[in-house]
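So the chains spell out like this:
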Amino acid sequence: MEVEGVAGGRKNTGTPKAIINSKFGSNASYVVEEVVQHVQDVCTEVSVPGLSVPGLSIPKKVHIMYRCRLELPEFSVVSGTFRKKKDAEQDAAQQAVDKLGIHPSIGKPTWEESLEELVSRISYLFSDKFLGTRHPMTGHLRATLRREGDHCGSFPISVITACDVKVNSLCKKIDPKVESNPSLALSFIKVAASKLSGSLSSPDEKLWIKRLNPYPHDIIESPIDQESCPPEVATVHALYIPSVMEEPVEPISFDVLPSVYYMDIIAQKLRMASASELLISRPTGKVSSETKLYYAAPEMYWSEASSSLQLAESCKDSLNVRASYLCDQDIYGNAILAAVDYTWKSKELSVEDISMQSYYRMLINKTPAGAYKLSRGAVITAALPSVFTTKTNWRGLLPRDILNTFCRQYGLAEPSFKSGSTCQCEVKVSCELAGPSKKLKTMISENATGQASAGFSTSIIKESVESESTYQCEVKILSKTQEVILVCSPKESFKRQNDCIQTVALRVLSWLNMYFLGIEPEKLNTSAEALDITFNPERFHEEFRFGPSIHGYQQRDIQEVINKKSQVDIEGQGSGISPTSGSLARITYSVSLVPADGHTKELLESADEFEFEMGTGAVISHLEVAIAQMSVGQSACFSIDIPDQEQILAASDDFTRINSLLNSYHCRLEYSVKLLHITELLEDKMEQAFFSPTLSKQRVEFAVDRIRQSDATSLIDFGCGSGSLLDSLLDYATGLEKIVGVDISVKSLIHAAKVLHSKLSKDSGTIRSAVLYDGSITVLDSRLCGFDMGTCLEVIEHMEEEQAHMFGDIVLGSFRPKTMIISTPNYEYNVILQGSSAGNQEENVHEKSQAGEHPFKFRNHDHKFEWTRQQFESWATKIATKHHYWVQFSGVGGSGDVEPGFASQIAVFTMEPPSPSTPSRTGDSPVSSTEEVTDSCKVVWEWNSSN
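Computed from a predicted structure; not experimentally measured.

Caption draft 1: Quick look at the overall build of the protein. Counting secondary structure elements, the protein contains 30 helices and 34 strands. For the protein, the proportion of its 947 residues judged to be buried stands at 49%. A total accessible area of about 44,900 Å² is found for the protein, and carbon and sulfur atoms account for 49% of it.

Caption draft 2: Quick look at the side chain of asparagine 826. When you line up the elements, asparagine 826 lands in the loop between β31 (819-825) and α29 (830-835). A polar contact of 3.1 Å, which involves the side chain of asparagine 826, links it to the backbone nitrogen of glutamate 828. If we skip the residues at most four places from it in the chain, asparagine 826 touches Arg859, Trp867, Thr868, Arg869, Pro900, Gly901, Phe902, Ala903, Ser904 and Gln905.

Caption draft 3: Spotlight on the sheet that holds strand β23 (residues 584-595). Taking strand neighbours across the sheet as the criterion, the five strands line up as β22-β25-β26-β23-β24 in an open arrangement whose pairing is antiparallel. Each edge of the open sheet is held by one strand with a lone partner, namely β22 (569-571) and β24 (602-613). The average angle at which neighbouring strand axes cross in this sheet is 20°, direction not considered. In this sheet, strand β26 (residues 667-679) lies alongside strand β25 (residues 635-641) in antiparallel orientation, the contact comprising seven bridges.

Caption draft 4: Quick peek at the pairing of β24. By the bridge criterion, nine bridges tie β23 to β24 in an arrangement that is antiparallel. From the neighbouring strand, alanine 585 faces β24, where its bridge partner is phenylalanine 612. Between the antiparallel neighbours β23 and β24 lie six residues, among them glycine 598 with a positive phi of about 70°.

Caption draft 5: Region of the structure containing the sheet that holds strand β6 (residues 155-156). Spatially, three strands are ordered β6-β8-β7 in an open sheet, and the strand pairing comes out antiparallel. Strands at the two margins of the open sheet, each flanked by one partner only, are β6 and β7 (200-201).

Caption draft 6: Spatial organisation of the side chain of glutamate 670. Following the sequence through the fold, glutamate 670 ends up in strand β26. A polar side-chain atom of glutamate 670 sits 2.6 Å from a polar atom in the side chain of lysine 601.

Caption draft 7: Quick look at the environment of leucine 141. Locating leucine 141 in the fold gives a position in helix α5 (residues 136-145). When the C-alpha atoms of leucine 141 and glycine 153 are compared, they prove to be 7.4 Å apart, with twelve residues separating the residues in sequence. The contacts of leucine 141, once residues within four sequence positions are left out, are Leu125, Phe126, Phe130, Leu131, Phe155 and Tyr215.

Caption draft 8: Highlighting helix α21 (residues 621-628). Counting buried positions along α21 gives six out of eight residues, so the element sits mostly inside the fold. All of the buried residues along α21 are His622, Leu623, Glu624, Ala626, Ile627 and Ala628.

Caption draft 9: Broad picture of the packing of aromatic side chains. Overall, the coordinates contain 33 aromatic pairs when judged by the stated rule. Between phenylalanine 406 and tyrosine 410 the ring centres are 4.7 Å apart and the planes differ by 45°, which places this aromatic pair in the tilted class. Judged on exposure class, the residue phenylalanine 406 and its partner tyrosine 410 are both buried. Taking the centre distance of 5.8 Å and the plane angle of 85° together, the rings of phenylalanine 406 and phenylalanine 516 count as edge-to-face.

Caption draft 10: Here's a closer look at unusual backbone geometry. Serine 692 connects to proline 693 through a cis peptide bond whose omega is 0°. For proline 693, the location among the structural elements is in the loop between α24 (682-690) and α25 (695-709). Cis peptide bonds are those with omega within 30 degrees of zero, and the linkage from glutamate 899 to proline 900 qualifies with 5°. The topology assignment puts proline 900 in the loop between β32 (885-894) and β33 (902-911). Positive phi, normally seen in glycine, also occurs at arginine 271, with a value near 60°. Looking at the secondary structure, you find arginine 271 in the loop between α11 (262-269) and β11 (278-280). A relative accessible area of 81% means that arginine 271 is categorised as exposed.

Caption draft 11: A look at the pattern of salt bridges. Under the criterion given, the structure shown has 31 salt bridges. Where glutamate 492 meets arginine 507, a salt bridge forms, and the shortest distance between an N and an O atom there is 2.7 Å. Of this pair, glutamate 492 sits in the loop between β20 (484-488) and α16 (497-516) while arginine 507 sits in helix α16, and the two are 15 residues apart along the sequence. Residue class for arginine 507 comes out buried when judged on its relative accessible area of 17%. If you follow the salt bridges from partner to partner, you end up with Glu483, Arg539, Glu542 and Glu543 in one network.

Caption draft 12: Layout of the confidence of the model for the protein. For the protein, the average pLDDT comes to 81, and 80% of its residues sit at 70 or higher. Contacts for the low-pLDDT stretch residues 40-60, under 50 throughout, to residues beyond four places or in other chains number 38 contacts. For residues 553-559, every residue scores under 50 in pLDDT, and the model assigns this stretch eight contacts once sequence neighbours within four places are set aside.

Caption draft 13: Molecular detail of the packing of helix α28 (residues 801-815) against helix α30 (residues 869-882). In contact at an axis separation of 10 Å, α28 and α30 are set at 35° when each is read in the N-to-C sense. When the axes of α28 and α30 are compared, the crossing they make is right-handed. When α28 is examined against α30, the residues Ala804, His805, Gly808, Asp809 and Leu812 are found in contact with a partner set consisting of Trp875, Ile879, Ala880 and Lys882. Class assignment of the residues belonging to the contact of α28 with α30 gives a composition of five nonpolar, two polar and two charged.

Rules of the game
- Residues numbered from 1 in each chain as written.
- Predicted model: local features only at pLDDT ≥ 70, side-chain atom pairs only at ≥ 80, totals over all residues.
- Heavy atoms only, no water.
- Helix = DSSP H or I, 4+ residues; strand = E, 2+ residues; numbered from the N terminus.
- Buried < 20%, exposed > 50% of the residue type's maximum accessible area, 1.4 Å probe, protein only.
- Areas by Shrake-Rupley, 256 points an atom, 1.4 Å probe, with all protein chains shown as cover.
- Polar contact = N/O pair within 3.5 Å; in protein donor to acceptor, adjacent residues only side chain to side chain.
- Contact = heavy atoms within 4.5 Å.
- Pairing = 2+ DSSP bridges.
- Axes fitted to C-alpha atoms, helices over the stretch in contact; angles between N-to-C directions.
- Phe/Tyr/Trp six-rings, centres within 6.5 Å; stacked < 30°, edge-to-face > 60°.
- Salt bridge = Lys/Arg side-chain N within 4 Å of Asp/Glu carboxyl O.
- pLDDT = per-residue confidence, 0-100.
- Left-handed = near helix turned anticlockwise from the far one by under 90°.
- Nonpolar A, V, L, I, M, F, W, Y, C, P; charged D, E, K, R; others polar.

Here you go:
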């Protein structure tokens, strides 16, 4: 019996397209065409008080639809129009199914129906017709026919499961457990072969099938057979993986002669009699890879009760953990990892070398961090970022793509992402503002009376737009049988759907990475709660049970290396252009392995250009700390202890040499890096294009002028960043004796410390002491109280609004400097900054907007809000009155007398002098005597003129 498809009389199951393809195959032709649906333009008169544009044509959106024509041998059908191509194809197929009078069966096929299909498929695989095809299995068939003696024609059953997708699919229909335990398919194939006893032989105790009737000589000697035999000896470089963890993985090589079946050679390497005793794993590594694990069939017995092969209890202790981890299925005994097989692409035996580097890359690719490192081509240098900012700044595989790949590697279902949005609609008015030299396009909200809130001569288009759309996302990781393993459902909302999805995916990846590094269960559970992750412990540990035993043993050593500081030597003249959090740093670097004796240096990894976003943890912490202290054009060198030998061996091209050094000497990693370029934030780009000097420099100059005009002897800069204001102050003569900076970014503070130390060491002027603190400016610390002058330039917009209100109360109510300068962007000025260049802006800048107000983007993706003049003045006046300060308003960039005001708005608070006749007031002293204050800030750097 030679049957390729399903036996006649079977009911058809599946989608309409699947039914048509099953019946007609390549004789069914689908032709899809686009259908453009035009909606007639509507003329309307739009009227705003004082402005009228009659007969304005407002074009509607054009829809692209699809229609499919299905051509069959006897007739053709045409589908309706659909938004998706696949829907049009299915509709055409459904019409054809109806016309043919085919009635699909309802529900899944029965066990008997699936077994019947499997019998038909096995019969076809051993038919004369099949041997003449280019199917990869035919290469194996011809090779077994060249074997000598009793083995001639004996075909290993494991090859069928490894080569034929249809057989695997049918076995899964019979029993879904085949997905997690591929060896079950051997039982079903043997059952199918037993039903073909008239043409095939497969003894119960054997794992091979033999055709009883010989193949015709002309088919065996066909041109395809001659081409499939390699003309020369093929040398295979593979790896031997012992089942005992204490024994090392070792490279092995063997030659395959044209007349010899390569699986017989692998069997001999594993001390087996023939390939018939050999099992093959599912492919490991890349999806298209022919890399598989070959291992001896464990002792099995045929169970009459279950009609299947069962693993003997004595074999369960020989589980090969490393091999099982690589292919995500249980491997027993020693194994060989090799990339050798017959393929669809080639008539000859396909061979690829598997090196020790390949092995270690496969291992680290099974972890989220390792997959990201490989996508960057920087195994030793890159690190999985801790935060997703924008797609524009992200480098390497996106978090969602990494999570998809991760799930596929572990035989899981694709992760399920569910995101939802909430939005409100409001009426907006689009205006063309005619300026003296250029036209600026803006959006102006109508006020309650319907009046446009700008008094320009304009051309108005009134339209309805979406406002305040936010997204939330939930991701689920499911087993192949759709059992829930893990759920991450954060409560945060995001302005962009993609940012929402990528951020949630990154959270899951970060938590999974902790697990693979062997973090303690208690800490793992705590981290899960913090990241809004819930998981099924039993299912989770079952799916990923091998991971910690492979990677986790190094966790303690890695953490010690991360926490250990390194000496950074910086060379070269500084350009003054230094990276800040959120900027893109482009570097050239090299990493070498240096033994303790220092006599040799082995290059492991290098890149002429490597770009990453500062402040996201996208590279190892030591490198980011070094870059934070540099400016463009400078070079640096530092060394660290080896954090993970697995990564070193994955990066090395010469395993023997590097492994010898690691085993013989105490080695360190030496980094050489040069900072090539800094891509500044969008905010800086806009400011530089419109202002000279730049807006940031103007803000600093405003503060410096106020300080020089005062008699202040002490100053504190809240949110000092990299110390631009403190640095500028040292260039002028002032009465300051004490300067202090506070920030939450240690990296920025390190850069500030370097700059200040250099200047103060040369000429300190009147300065007697300087301190930089790492801490929050919204948490009380007695050391931050009672200064003559306080500054906070472009900081509050990086907080949530409620934190900005808290800061206002704390700084004036508790810290109480005599004079306080606070600046923040004027949101209304964004019409100038963005109106003429909106089309050129980066697509991934967050499109944030004030509820019910202006639709312009914030100047920086990290801004949580941006206030209008009215909002800022209301906030400043309220806290000034509450805490007995006078307040004056000013700004820099633009003019306060011309709309839309200053680009950067500034409030200067001055403490009211106490009145003798007024009773003492709460808040007149920096800290109440009855109030307990804990010093929350940490000293990062301190300088004293006496030292």
